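# Summary of structural features
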Amino acid sequence: MRFLTNHANPETFKPWDLIRGFEQSEEDALREFESWLKDKIVGEPRATESYSVEELKDMGMVGIYAKDDED
């Protein structure tokens, strides 16, 4: 598993929390995010310079991970 990013928990965040293009609707942004997320693993957030894992979890954050390539 390769860590990609910390993100608001996809199960509880709101579509308007997504960053979207100037002319992109909330629905399109959500569909694009869900498509990107479908082959990812949601797990523990990774500590940053500013926040511990527990602090991130308290803020509703999770870690997004890519599956390892199977060669």
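Refer to the structure above for everything that follows.
The structure displayed is predicted, hence computed values, not measured ones.

Here we take up the overall build of the protein. What the protein contains, in helices and strands, is two helices and three strands. For the protein, the N- to C-terminal ordering of α and β elements is β-α-β-α-β. The C-alpha extent of the protein, read off along each of the three principal axes, is 35 × 35 × 20 Å. The 71 residues of the protein split such that 24% are buried. When contacts within the protein are restricted to residue pairs at least 6 apart in sequence, those whose partners lie at least 24 apart make up 56%. Approximately 5,600 Å² of the protein is accessible, and the part contributed by carbon and sulfur atoms is 47%.

With that out of the way, let us pick up the sheet that holds strand 1 (residues 2-8). Read from one edge of the open sheet, three strands run 1-3-2, paired in antiparallel fashion. One side of each edge strand has no neighbouring strand; the edge strands of this open sheet are strand 1 and strand 2 (40-43). The average undirected angle you get between the axes of adjacent strands in this sheet is 30 degrees. The pairing of strand 1 with strand 3 (residues 61-66) spans six bridges and is antiparallel.

On to the pattern of salt bridges, then. It is possible for side chains bearing opposite charge to pair when their charged atoms get close. Under the counting rule described, the total for this entry stands at four salt bridges. The partner of Asp28 in a salt bridge is Arg31, and the shortest N-O contact between them spans 2.3 Å. Pair noted here: Asp28 and Arg31 are both in helix 1 (residues 26-37), with a separation of three residues, about one helical turn. The closest approach of N and O atoms between Lys57 and Glu44, which form a salt bridge, is 3.2 Å.

Moving on, we come to the pairing of strand 3. Of all six residues that make up strand 3, five are buried, and the element is covered over most of its length. Pairing of strand 2 with strand 3 involves four bridges; the strand directions are antiparallel. Within the sheet, the bridge partner assigned to Gly43 lies in strand 3 and is Gly63.

Structurally, Lys14 can be placed in the loop between strand 1 and helix 1. Remark: the alpha-carbon pair of Lys14 and Asp58, spanning 44 residues in sequence, is separated by 17 Å.

Quick notes on the rules
- Residues numbered from 1 in each chain as written.
- Predicted model: local features only at pLDDT ≥ 70, side-chain atom pairs only at ≥ 80, totals over all residues.
- Heavy atoms only, no water.
- Helix = DSSP H or I, 4+ residues; strand = E, 2+ residues; numbered from the N terminus.
- Buried < 20%, exposed > 50% of the residue type's maximum accessible area, 1.4 Å probe, protein only.
- Contact = heavy atoms within 4.5 Å.
- Areas by Shrake-Rupley, 256 points an atom, 1.4 Å probe, with all protein chains shown as cover.
- Pairing = 2+ DSSP bridges.
- Axes fitted to C-alpha atoms, helices over the stretch in contact; angles between N-to-C directions.
- Salt bridge = Lys/Arg side-chain N within 4 Å of Asp/Glu carboxyl O.

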